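What the coordinates show
Residue-level listing of the chains:
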Amino acid sequence: MRSFELLVDSSCDLPLDIVKELDIHVVPMSFTLGGQDYTEDFWQSISPAEFYTRVKGGEKSVTSQLTREGLTNLFSDYAKKGRDVLFICLSGKLSGTHDSAVGGAIDTKMAFPEASIRVVDSINATVGHGLLALNAAIKGDEGLGVEEVADYLEEVKHRHYAFFTVDDLMFLHAGGRLSRFSAIAGSLLGVKPVLWVCPEGSLKLKDKKRGRKASLDWLVECMGKCLDHGKRYKYVTIAHGNCIEDGKYVKELIEKSFNVERVILTMLGAVIGSHSGPGTLALFFEGEMGRIEYDKK
């Protein structure tokens, strides 16, 4: 039995079956669409098709970070039961949830000094930090304690990559995730932008490809440059913004090109989808070199 509780915010976009399989507690984030409040609940309250259709039609979806008070209460509930906690969250460069979690851990420790509460900034997003949660579950099930697993994640997270392409960069600009210059530069007629989550955890325009297929192929090409082709990898994760056929295309390409045990294809959740928009296709994996080293190449 795992010796700690493994928590991750819902923007990790992990599928429900995997969350149940690996005993991961997903903390729901919220968003407001058309004046109605929703929580991310594995698409029970609103379907992906409805959400992305409404956003594409011009309705604005406003997201909310997790609060310090809410996370303090959650951590404290576990501390009362004598359980340690590992919480993995969306990049602190993209959301204030990390700061809320750090504050919540401090508040919990004041009330329960014996509790071990570790917060890991994934410096990543969507199933990029979901992938860290998968690694944490495996390590915890192998018998490592919360401190050992958290220290492991702090090291390995720098080798976790996120490459993605979007249909419309202005979604990222409108949400404050990308500068207006980068958004306009990447939205040239007939050009598909490709981006990545750079070493400090923020978004950066990486390249531009002419045509959708070229941009999808480029994602897999980037992955190939970061892998040891003689090694077998346990997980690769893909998230799509209601463009399942593109997701299947990338999944099949990866399975043909690399030695991967399991390629997970999932829907991009509403919290991240609010900022990246419909048509987003994102690829996440662990490479052999750190992102800083890759960025210098």
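See above for the structure.
Let me begin by describing the structure that accompanies this report. This is a predicted model, so every value here is computed, not measured.

Counting its secondary structure elements, the chain contains 12 helices and 13 strands. Radius of gyration (C-alpha) of the chain: 19 Å, near the 19 Å computed for a compact globule of 297 residues. Dimensions of the chain along its principal axes, counting C-alpha atoms only, are 60 × 50 × 35 Å. Considering the chain as a whole, with its 297 residues, one finds that 57% of them fall into the buried category. For the chain, the proportion of contacts with a sequence separation of at least 24, taken over those separated by at least 6, is 76%. If you sum the accessible surface of the chain, you get close to 12700 Å²; carbon and sulfur atoms cover 51% of it. Side-chain charges of the chain comprise 36 positive and 41 negative groups, with the mean position of each set lying 6 Å from the other.

Taken in spatial order, the three strands of this open sheet run β4-β3-β5, and their pairing is antiparallel. Looking at strand neighbours, the two that pair on one side only are β4 (36–39) and β5 (61–64), the edges of this open sheet. Here the average twist between neighbouring strands, direction ignored, is 25°.

This part takes up the environment of Val 263. Checked against the element boundaries, Val 263 lands in strand β12 (residues 260–267). Between the C-alpha atom of Val 263 and that of Val 236, which follows or precedes it by 27 residues, the distance is 4.8 Å. Sequence-distant contacts of Val 263, that is, excluding residues within four places in its chain, are made with Val 236, Ile 238, Lys 251, Ile 254 and Glu 255.

Across the six residues of strand β13 (residues 281–286), six count as buried, placing the element largely inside the fold. Every second residue of β13 is oriented toward a common face, with Leu 281, Leu 283 and Phe 285 on one face and Ala 282, Phe 284 and Glu 286 on the other, all of them buried. With six bridges connecting them, strand β8 (residues 160–165) and β13 associate as antiparallel partners. Bridge pairing in β13 links Thr 165 to Leu 281. Of the strand pairs in this sheet, strand β11 (residues 233–240) and β13 are connected by four bridges, and their pairing is antiparallel. Following the sheet pairing, Thr 237 is matched in β13 by Phe 284.

Next up on the list: the packing of helix α5 (residues 127–141) against helix α6 (residues 146–156). Here α5 crosses α6 at 145°, and the two axes come no closer than 10 Å. The two elements α5 and α6 cross, and the hand of that crossing is right-handed. Listed contacts from α6 to Leu 132, Asn 135, Ala 136, Lys 139 and Gly 140 of α5 are Val 149, Tyr 152, Leu 153 and Val 156. In terms of residue class, the contact of α5 with α6 is made up of six nonpolar, two polar and one charged.

What follows covers a positive patch on the surface. On the surface, a cluster of positive charge is made up of Lys 204, Lys 206, Lys 225 and Lys 297. Among the secondary structure elements, Lys 225 is positioned in helix α9 (residues 212–226).

With that settled, consider the packing of helix α3 (residues 68–80) against helix α4 (residues 97–111). For the pair α3 and α4, the least separation of the axes is 8 Å and the interaxial angle reads 45°. Taken together, α3 and α4 sit at an angle that is classed as oblique. Taken as a pair, α3 and α4 cross one another with a handedness that is right-handed. Contacts from Arg 68, Leu 71, Thr 72, Phe 75, Ser 76 and Ala 79 of α3 reach α4 at Thr 97, Ser 100, Ala 101, Gly 103, Gly 104, Ala 105, Asp 107 and Thr 108.

If you walk through the whole model with that rule in mind, you get 18 salt bridges. Notably, a salt bridge pairs Asp 151 with Arg 118, separated by 3.1 Å at the nearest N-O pair. Here Asp 151, found in helix α6, pairs with Arg 118, found in strand β7 (residues 117–121); they are 33 residues apart in sequence, far enough to count as distant. What makes Asp 151 partly exposed here is its relative accessible area of 45%. Accessibility expressed as a relative area gives 18% for Arg 118, which makes it buried. Of the charged contacts in the structure, one is a salt bridge between Lys 231 and Glu 288, with a shortest N-O distance of 3.1 Å. Remark: Glu 288 occurs in the loop between β13 and α12 (291–296) and Lys 231 occurs in the loop between α9 and β11; sequence separation between them is 57 residues. Given a relative accessible area of 35%, Glu 288 falls into the partly exposed group. Here the salt bridges share partners, and the residues they tie into one network are Glu 50, Arg 54 and Glu 59.

Conventions we followed
- Residues numbered from 1 in each chain as written.
- Predicted model: local features only at pLDDT ≥ 70, side-chain atom pairs only at ≥ 80, totals over all residues.
- Heavy atoms only, no water.
- Helix = DSSP H or I, 4+ residues; strand = E, 2+ residues; numbered from the N terminus.
- Rg over C-alpha atoms; globule rule 2.2 N^0.38 Å.
- Buried < 20%, exposed > 50% of the residue type's maximum accessible area, 1.4 Å probe, protein only.
- Contact = heavy atoms within 4.5 Å.
- Areas by Shrake-Rupley, 256 points an atom, 1.4 Å probe, with all protein chains shown as cover.
- Lys, Arg positive; Asp, Glu negative; His and termini not counted.
- Charge placed at Lys NZ, Arg CZ, Asp CG, Glu CD.
- Pairing = 2+ DSSP bridges.
- Axes fitted to C-alpha atoms, helices over the stretch in contact; angles between N-to-C directions.
- Left-handed = near helix turned anticlockwise from the far one by under 90°.
- Nonpolar A, V, L, I, M, F, W, Y, C, P; charged D, E, K, R; others polar.
- Patch = residues over 30% accessible without salt bridge, like charges linked within 9 Å, V, L, I, M, F, W, Y side chains within 5 Å.
- Salt bridge = Lys/Arg side-chain N within 4 Å of Asp/Glu carboxyl O.
- Parallel < 35°, antiparallel > 145°, perpendicular 65-115°, else oblique.

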